[in-house]
Amino acid sequence: MKIENINFLKKHLQNLAESEPELKTKIEKISEILSQTKIEDLTNRKSKVHLSASAVVFKNAKCYFIKHPYLKTILLPAGHVENDEMPLDTAIREFVEETGFFAKVDENMQNFGLIDVNVIEIPENPVKSEGEHIHIDFRYKLVLDEVKEQKEAELEWFLLEKSEVDSEFNKYYKYLE
């Protein structure tokens with residue numbers, strides 16, 4: 001990750017705070033964490049702060065979710081931002097890997113589809129030799145790219161209605177097409 005990418009992400013967050021004022025306080029705290037973290041640590045799995053990204057993708061009024069292989073909970077398709085990747089690229093890549101379906105930027109959305117950002121506390125994972133850490137998770141509203149053929153999914157996935165999901169995800173249903 002390069003300094004210009006971090007500057008872009010900070011601007012990306014600023015744009016989100018302007019379009020979603022209720023997120024302003026949370027975004028200020030996240031921007032502070034980003035400012036206090038070495039750039040190279042954001043994509044280092046041994047650091048205390050990792051960048052991650054999630055995909056919010058709908059089909060027929062339902063959103064795609066996966067069963068997390070370690071946490072055993074139902075979550076949005078998501079993963080770590082790799083070294084030369086931006087969070088938007090990660091959200092698209094992880095959606096494809098985890099569900100087998102392709103997604104792309106929703107051209108009807110502002111700010112490249114960034115709809116939320118969260119700090120997520122991650123417990124220690126001895127299987128991956130990862131200590132307890134946090135993820136700064138960028139969440140993007142994407143659309144299915146139905147031109148591309150489905151590939152094999154890495155994880156079990158589900159299409160869920162608003163009434164079937166954890167309350168954390170309810171607010172994303174306002175972005176239904």
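See the structure shown above.
Residues numbered from 1 in each chain as written. Predicted model: local features only at pLDDT ≥ 70, side-chain atom pairs only at ≥ 80, totals over all residues. Heavy atoms only, no water.

Peer 1: I'd love a proper account of the nonpolar core, names of residues and values included.
Peer 2: Judged by nonpolar contacts, the single largest core of 31 residues is most densely connected at Leu51, Val57, Phe95, Val117, Ile136, Phe138 and Leu142. At the level of secondary structure, the elements contributing two or more residues to this core comprise helix H1 (3-19), helix H2 (24-36), strand S1 (49-59), helix H3 (87-99), strand S6 (114-122) and strand S7 (133-144). Of all hydrophobic cores here, the second largest spans twelve residues; its members include Val56, Cys63, Ile115 and Val165. (Core = buried A, V, L, I, M, F, W, Y, C linked by side-chain atoms within 4.5 Å. Buried < 20%, exposed > 50% of the residue type's maximum accessible area, 1.4 Å probe, protein only. Helix = DSSP H or I, 4+ residues; strand = E, 2+ residues; numbered from the N terminus.)

Peer 1: Outline a nonpolar patch on the surface, listing residues and values.
Peer 2: There is a patch of nonpolar side chains on the surface, built from Tyr70, Leu71 and Val127 and spanning about 280 Å² of accessible area. Summarising the element assignment, leucine 71 is placed in the loop between strand S2 (62-67) and strand S3 (74-75). (Patch = residues over 30% accessible without salt bridge, like charges linked within 9 Å, V, L, I, M, F, W, Y side chains within 5 Å. Areas by Shrake-Rupley, 256 points an atom, 1.4 Å probe, with all protein chains shown as cover. Salt bridge = Lys/Arg side-chain N within 4 Å of Asp/Glu carboxyl O.)

Peer 1: Hey, could you go over the pattern of salt bridges for me, with residue numbers and the actual values?
Peer 2: Applying the stated rule across the entire model yields eleven salt bridges. Linking glutamate 82 and arginine 93 is a salt bridge whose minimum nitrogen-to-oxygen distance equals 3.9 Å. With glutamate 82 in the loop between strand S4 (78-80) and H3 and arginine 93 in helix H3, this residue pair connects regions lying eleven residues apart in the sequence. Given the relative accessible area of 22%, arginine 93 is considered partly exposed. One salt bridge in this structure joins glutamate 97 and arginine 93, with 3.3 Å as the shortest N-O distance. Here glutamate 97 pairs with arginine 93, and both are found in helix H3, just four residues apart, close to one helical turn. Connected via shared salt-bridge partners are Arg45, Glu82, Glu85, Arg93, Glu94 and Glu97.

Peer 1: For the packing of aromatic side chains, give the residues involved together with the corresponding values.
Peer 2: Per the stated rule, a full pass over the model turns up eight aromatic pairs. On the numbers, 5.2 Å between centres and 70° between planes, the contact of phenylalanine 58 with tyrosine 173 is edge-to-face. One end of the pair, phenylalanine 58, is in strand S1; the other, tyrosine 173, is in the segment after strand S8 (157-160), with 115 residues separating them in the sequence. The pair formed by phenylalanine 58 and tyrosine 173 is uniform in burial state, with each residue classed as buried. (Phe/Tyr/Trp six-rings, centres within 6.5 Å; stacked < 30°, edge-to-face > 60°.)

Peer 1: Any details on the pairing of S7? Residues and values, ideally.
Peer 2: A large share of S7 lies buried, amounting to twelve of its twelve residues. Taken together, the nine bridges between S1 and S7 define a ladder with parallel strand orientation. The residue bridging alanine 53 from the neighbouring strand is phenylalanine 138, located in S7. For strand S5 (residues 103-105) and S7, the ladder comprises three bridges, and the chain directions are antiparallel. Its bridge partner being in S7, lysine 104 is matched across the sheet by valine 143. Sheet topology places S6 next to S7; eight bridges connect them, and they run antiparallel. Each bridged residue has a counterpart across the sheet, and for isoleucine 122 the counterpart in S7 is histidine 133. (Pairing = 2+ DSSP bridges.)

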